[in-house]
Amino acid sequence: MRNRIILLLLGLVSYWGMSYAQTELPAASPADSVEVAAPDSTVRAVLAAADSAGVPKVKLKTEFKPDPTKAVLYALVPGLGQIYNRKYWKLPIVYGGLMGCMYAVTWNNKNYRDYSTAYKDIVYDATVNRDNPDAWSESWQILSSRDPETLIEDSNYRDRLKRQKDYFRRYRDLSIIITVGVYALSIVDAYVDAQLFDFDISPDLSMRVEPVVAPKTSVSSSMYGVNCSLKF
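Only a predicted model underlies this, so the values are computations on that prediction, with no experimental measurement involved.

Asks: Please set out the side chain of T179 residue by residue, giving values where relevant.
Replies: Take T179: it is sitting in helix α7 (residues 155-195). If near-sequence neighbours (up to four positions away) are discounted, T179 is found in contact with L98, C101, M102 and V105.

Asks: Quick rundown of the environment of D67? Include the residues and the values.
Replies: Residue position: D67 is located in the loop between α2 (41-53) and α3 (68-75). Expressed as a C-alpha distance, the spacing of D67 and Y84, which sit 17 residues apart in the sequence, is 9.2 Å. Apart from residues no more than four positions distant in its own chain, D67 is found in contact with Y84 and A194.

Asks: Tell me about the packing of helix α5 (residues 91-127) against α7, and name the residues and values.
Replies: Interhelical geometry of α5 versus α7 gives an angle of 155° and a closest axis separation of 7 Å. When the axes of α5 and α7 are compared, the pair comes out roughly antiparallel. Judged by the sense of rotation from one axis to the other, the crossing of α5 with α7 is left-handed.

Asks: Go over the side chain of S144, please, and point to the residues and values.
Replies: Inspection of the secondary structure assignment puts S144 in the loop between α5 and α6 (148-151). S144 gets classed as buried once you look at its relative accessible area, which sits at 18%. Once you skip the residues sitting within four places of it in the chain, S144 turns out to touch L151 and Y157.

Rules used throughout
- Residues numbered from 1 in each chain as written.
- Predicted model: local features only at pLDDT ≥ 70, side-chain atom pairs only at ≥ 80, totals over all residues.
- Heavy atoms only, no water.
- Helix = DSSP H or I, 4+ residues; strand = E, 2+ residues; numbered from the N terminus.
- Contact = heavy atoms within 4.5 Å.
- Axes fitted to C-alpha atoms, helices over the stretch in contact; angles between N-to-C directions.
- Parallel < 35°, antiparallel > 145°, perpendicular 65-115°, else oblique.
- Left-handed = near helix turned anticlockwise from the far one by under 90°.
- Buried < 20%, exposed > 50% of the residue type's maximum accessible area, 1.4 Å probe, protein only.

This is the structure in structure tokens:
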């Protein structure tokens, strides 16, 4: 009797478990679901602008290196080649040299013209207007404080005027040559400076001194000396 009761209880428990497993779970209520709202027009405009902008381009700053040909063309105007090479400290040298040369040319040319005119006039007055002092030119009279009547008869004075004329003409021509040389030198400087702009010059200029020992060989004895090497 007791065995039958136990079997009956086991059957009831098995039936109850099977019926619970077959029971369907309730569907989720609308309140439990999460709805994803569509983006509004402002959000869509911002997203579209971000997509159209893309990744910003980064401009890398390149290292400056002058072109020697351009430097020569710029240097045709005095000082412009040095400005192109960014060597501004050379401008006072270029302009100072050219201005000094131009002043020398102007000053020597003025004196040459004065003495040349005075020499020509005194020769003409001494040969043509000797007896007519009123027609004498003032060009040779203002160069000396002596009496014009004695000056026109003084051959040494005429020779001195001629020497001064030749002196200032020679130095005028020399000043012109120097001016052209300074101008050409500024062009050469601009070209060489642009050509050697990135030339590596080490700031370490030193001399190294070290002892040297030469071993003894079959043809010479051992020697001791000093080796000097210049590093640049």
